[in-house]
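Geometric and topological summary
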Amino acid sequence: MGLEKILSISGKPGLYELSAQTRGGFIAKSIIDQKKIAVNVRHNVSLLSEIAIYTYTEEVPLGTIFQKMFEKEDGKEAISAKASKKELEAYFSEVLPDYDSDRVYQSDIKKVIQWYNLLISNGFNDFSVEEKDKDKATSEEKTTSGEEE
């Protein structure tokens, strides 16, 4: 299971795994307690594979950041998301040195660390980006950098 099946649902704590599609939405299973919930189109849902963090030069996919954290921590959990602002920023700048401190807020850093720790504590450890995703990103870059129609 990759990050393309992991969801963050606004207003609901934790992370969820996409289980099945329904007529008006889908079924998601909590990573924490395995409880299933119905999610409809009114919920604000984000796939972790679609989230990126701003740097001064580009947007770095969340999976890449998780992979760097995984390598830095040797597969163990990172610092607590409840650490002080200075500790969080220092840790995050070790993982992603050129993150845009004007556009990446402390709450974003907390959430990334919290999600990483949640995934690691529940046995998730494959954050590598699949080749098809890299190819898709490259083709999208070419499309968006071309002339407008």
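This one's a predicted model, so the numbers in the text were calculated from it and none came from an experiment.

Overview of the overall build of the protein
Broken down by element type, the protein carries four helices and seven strands. Listing the helices and strands of the protein from first to last along the sequence gives β-β-β-β-β-β-β-α-α-α-α. Residues classed as buried in the protein amount to 32% of the 149 residues present. Pairs at least 24 residues apart make up 54% of the contacts formed inside the protein by residues separated by at least 6 positions. For the protein, the accessible area works out to roughly 9,800 Å², and carbon and sulfur atoms hold 46% of it.

Looking at the pattern of salt bridges
Any two side chains of opposite charge can pair, so long as their charged atoms come close to each other. This structure, assessed with the given rule, holds two salt bridges. Notably, a salt bridge pairs K72 with E94, separated by 2.7 Å at the nearest N-O pair. Highlighted residues: K72 in helix α1 (residues 62-72) and E94 in helix α2 (residues 85-95), separated in sequence by 22 residues. Judged by relative accessible area, which is 35%, K72 ranks as partly exposed. Look at E94 and you get exposed, because its relative accessible area is 52%.

Things to note about the confidence of the model for the protein
Summarising the model, the protein shows a mean pLDDT of 85, and 85% of its residues fall at 70 or more. When pLDDT is averaged over each helix and strand of the protein, the minimum, 41, is found for helix α4 (residues 131-145) and the maximum, 96, for strand β6 (residues 52-54). Within the model, pLDDT remains below 50 along residues 131-149, and this stretch shows two contacts once partners closer than five positions in the same chain are excluded.

Looking at the nonpolar core
Formed by 32 residues in total, the largest nonpolar core has its most connected members in L48, I65, F66, M69, F92, L119 and F127. When contributions to this core are tallied by element, the ones reaching two or more residues are α1, α2 and α3 (106-121). Considering every element that reaches this core, the biggest residue donor is α3, with eight residues. Leaving out residues up to four positions away in the same chain, F66 has contacts with L3, L48, V112, W115, Y116, L119 and F127.

Focus on the sheet that holds strand β1 (residues 6-9)
Reading across from one edge, β4-β3-β2-β1-β5 is the order of the five strands in this open sheet, with antiparallel pairing throughout. Each of the sheet's edge strands pairs with one partner strand only, and the pair in question is β4 (36-40) and β5 (45-47). Between one strand axis and the next, the sheet turns by 45° as a mean value, whatever way the strands run. As judged from the six bridges shared by strand β2 (residues 16-22) and strand β3 (residues 25-30), these two strands associate in the antiparallel manner. When the sheet's bridge partners are listed, L18 is paired in β3 with A28.

A word on the environment of L96
The residue L96 is located in the loop between α2 and α3 in this model. Between the C-alpha atoms of L96 and M69, which are 27 residues apart in sequence, the distance is 9.2 Å. If near-sequence neighbours (up to four positions away) are discounted, L96 is found in contact with I53, T55, V60, I65 and K68.

Overview of the side chain of S30
Note on placement: S30 falls in strand β3. Reaching out from S30, the side chain makes a polar contact with the backbone nitrogen of I32 at a distance of 3.2 Å. Beyond its immediate sequence surroundings of up to four residues, S30 is in contact with L15, Y16 and K35.

The rules behind the values
Residues numbered from 1 in each chain as written. Predicted model: local features only at pLDDT ≥ 70, side-chain atom pairs only at ≥ 80, totals over all residues. Heavy atoms only, no water. Helix = DSSP H or I, 4+ residues; strand = E, 2+ residues; numbered from the N terminus. Buried < 20%, exposed > 50% of the residue type's maximum accessible area, 1.4 Å probe, protein only. Contact = heavy atoms within 4.5 Å. Areas by Shrake-Rupley, 256 points an atom, 1.4 Å probe, with all protein chains shown as cover. Salt bridge = Lys/Arg side-chain N within 4 Å of Asp/Glu carboxyl O. pLDDT = per-residue confidence, 0-100. Core = buried A, V, L, I, M, F, W, Y, C linked by side-chain atoms within 4.5 Å. Pairing = 2+ DSSP bridges. Axes fitted to C-alpha atoms, helices over the stretch in contact; angles between N-to-C directions. Polar contact = N/O pair within 3.5 Å; in protein donor to acceptor, adjacent residues only side chain to side chain.

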